Amino acid sequence: MLDNLGNLERTHSCGALRAEHVGQTVVLMGWVARRRDFGPLTFFDLRDRDGITQVVFNEETARAAHAKAKQPRGEYVIAITGEVVSRAEGQRNPKIATGEVEVQARELLILNDARTTPFQLEVAANETLAAEDLRLKYRYLDLRRPQLQANLRMRHRMLSEIHRYMDEQGFTEIETPIMIKSTPEGARDYVVPSRTFPGKFYALPQSPQLFKQLCMIAGLDKYYQIARCFRDEDLRADRQPEFSQLDVEMSFPTLERIYALVEGYFARVFKATIGVELPTPFPRLSYAEAMRRYGSDKPDLRFGMELQDLAPALAGMDFPPFASALAGGGEVKGFVVKGGAAMSRKTLDELQEHAKRYGAGALAWIKLGDEVSSSLLKALGEETIKRMVEVAGADITDAVLIVAGRAKTVAASLGALRVEVAKREKLIPENTYAPLWVTEFPMFEYDEEGDRYYAMHHPFTSALDEDLPLLERAVEGGETKLLGQLRAKAYDTVINGVEVAGGSIRIHRRDVQRLIFKALGMTEETARERFGFFLDALEFGTPPHGGIASGIERTMMVLANTENIRDVMAFPKTASAADLMIDAPGAVDPHMLEDLHIRVDEA
Ligand code: ASP
């Protein structure tokens, strides 16, 4: 028989009681995290979102309650009334905030029972959690874990700080529609069939990009929104099909104004959530410099290990892989691993595999120490190796890892390797945050397969003023290749190697927007068909404007120090975009399909 709660009110949460409460009569409610029976004494760990309190049922002083305390098992929901007492010396638990006291229970209400959970909720630090699929199926149980609850509370603190900050900065929160027409952000759209327009579909927004620009055309001046975005792309560890971003747009902005706004934003959020003071202003690196020095457009600056051009050490050598890379306009680069002389052959083999995954043909290495050993010794000879070590700046206890090939491949593989090695060799300082701006992204990226240029950010991004003449020449003068040289007024905020925000100054002139669409291979008709409403709007006095979007989950991952995006959202989906708890996506009633004018081809 279960008890009714009646009018009983909680007096404290399960994380609240301290030595100062000793002697008070309290009412606690929560879940039974653990029960231990010692004859006349029964102990419960009672848990709620705030913490855990030890509750004791003593046969001598509370006979009825002690007898009843035999019933509740793990995850039963109970209420107890009792007196706070000091724990005896030696029985205190410094690991929990309430560890100095316990509650001597007088009465017990069993408010609800619970089935045996399909996995253990509490795991010790050295144990692994149950399989994630199982935890996702019973997400509401997994969410009882204090770590996930702490993450969600941190997320709430972040969101409420955003509203405060953006309000102080004079921004207006404006909600844009979820059912729209496809926006061009490069990913696939999720679509919703229309009942009233047979064969037509809405698309869920990949971002509110055009709406926020239209807000500027409407004269709203400063817009923000915590926007839910939907992207049907291949999922990776840091992606979910639906996610949230702080979406921002402002009129008449300078780049400096946007940088200052965003730096202020991150500083506020870091302070409010984890108490860290982020130093501002953030350093800035152009895209070209970031690629050259770190092989990445989102470099992790918590550690050095910059890429070094080793070509100056290689004059006159004829080792085919290096010589042909250099002769073909490619590169030979490497970086120093501090203390890397001690790396084993096995480690080097594993790193080789890692580099190959990012396109490297091979990974060459030099290990220093009492005796120099190197995969290149035979091919290059001692003298050249010595010069390479010098150019790389390696010390007697270090190693140098080297890749040759096309600049793109060298950057991708060494950039990835730099991070991998830093993780393996524990070269990344803990509790350190290294924010920066990456600026001047290329406007376009050439896609060899499709033999065409794509917008690297999106097609509404404006070029650097000094590069605009190149755009004319490329589009109107037929010098298409120049598109590859155009630099954008686009910027990303990167913290600890994670791209936490990205945005741009937009095109506000109809003639420039036309050139960009043309550069992307769109005819006037296609452009009109897809963006007619926007092209029209551009003709009615569009102010210069620009903005940015910052991923809430990405930022939360940095704040909560996790590499799993599912740790920072309440009800995430799997890597194949399924919700295992509600079993979505699911079939719909055939009548619904009929209403929607849809026939499903099962094959
Ligand atoms: N709409 C862009 C995005 O979601 C951000 C921006 O340009 O403001 O990535």
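Residues numbered from 1 in each chain as written. Predicted model: local features only at pLDDT ≥ 70, side-chain atom pairs only at ≥ 80, totals over all residues. Heavy atoms only, no water.

**Some details on empty space enclosed by the protein**
Taken as a whole, this structure holds 2 cavities of 30 Å³ or more when the rule is applied. Put simply, the largest cavity is a space of about 50 Å³. Contributing to the lining of the largest cavity are Met166, Leu246, Val248, Leu261, Val262, Tyr265, Ile548 and Ser550. For the lining of the largest cavity, the secondary structure elements donating two or more residues are strand S10 (242–251), helix H6 (255–274) and strand S22 (545–551). Per element, the largest residue contribution to the lining of the largest cavity is 3 residues, and it comes from H6. Of the residues belonging to the lining of the largest cavity, the class tally is 7 nonpolar, 1 polar and no charged. Here the second largest cavity is characterised by a volume of approximately 40 Å³. Lining the second largest cavity, in full, are Leu136, Arg139, Phe571, Pro572, Asp579, Leu580 and Met581. (1 Å grid on protein atoms, 1.4 Å probe; cavity = no way out; pocket = protein on both sides within 12 Å on 5 of 7 lines; lining within 4 Å. Points joined across faces, edges and corners; volume = space filled by probe spheres on them. Helix = DSSP H or I, 4+ residues; strand = E, 2+ residues; numbered from the N terminus. Nonpolar A, V, L, I, M, F, W, Y, C, P; charged D, E, K, R; others polar.)

**Some details on the site of the ligand**
Taken together, 14 residues sit near the ligand, with Gln209, Lys212, His457, His458 and Arg506 positioned nearest. Here an oxygen atom of the ligand and a side-chain polar atom of His457 are 2.7 Å apart. Alone, the ligand offers 270 Å² of accessible surface; in the complex the protein occludes 92% of this. Within the residue set of the shell around the ligand, elements represented by two or more residues are helix H5 (209–217), strand S21 (498–505) and S22. Broken down by element, the residue count for the shell around the ligand peaks at 3 residues, all from S22. (Near = heavy atom within 4 Å. Polar contact = N/O pair within 3.5 Å; in protein donor to acceptor, adjacent residues only side chain to side chain. Areas by Shrake-Rupley, 256 points an atom, 1.4 Å probe, with all protein chains shown as cover.)

**Remarks on helix H13 (residues 510–519)**
The α-helix advances 3.6 residues per turn, and as a result positions three or four apart in sequence lie on the same side. Within H13, 7 of the 10 residues are buried, leaving the element largely enclosed by the surrounding structure. On its buried side, H13 packs onto strand S18 (444–447), helix H12 (468–476) and helix H14 (524–538). Two residues or fewer past H13, Gly521 is found with a positive phi of approximately 80°. (Buried < 20%, exposed > 50% of the residue type's maximum accessible area, 1.4 Å probe, protein only. Contact = heavy atoms within 4.5 Å.)

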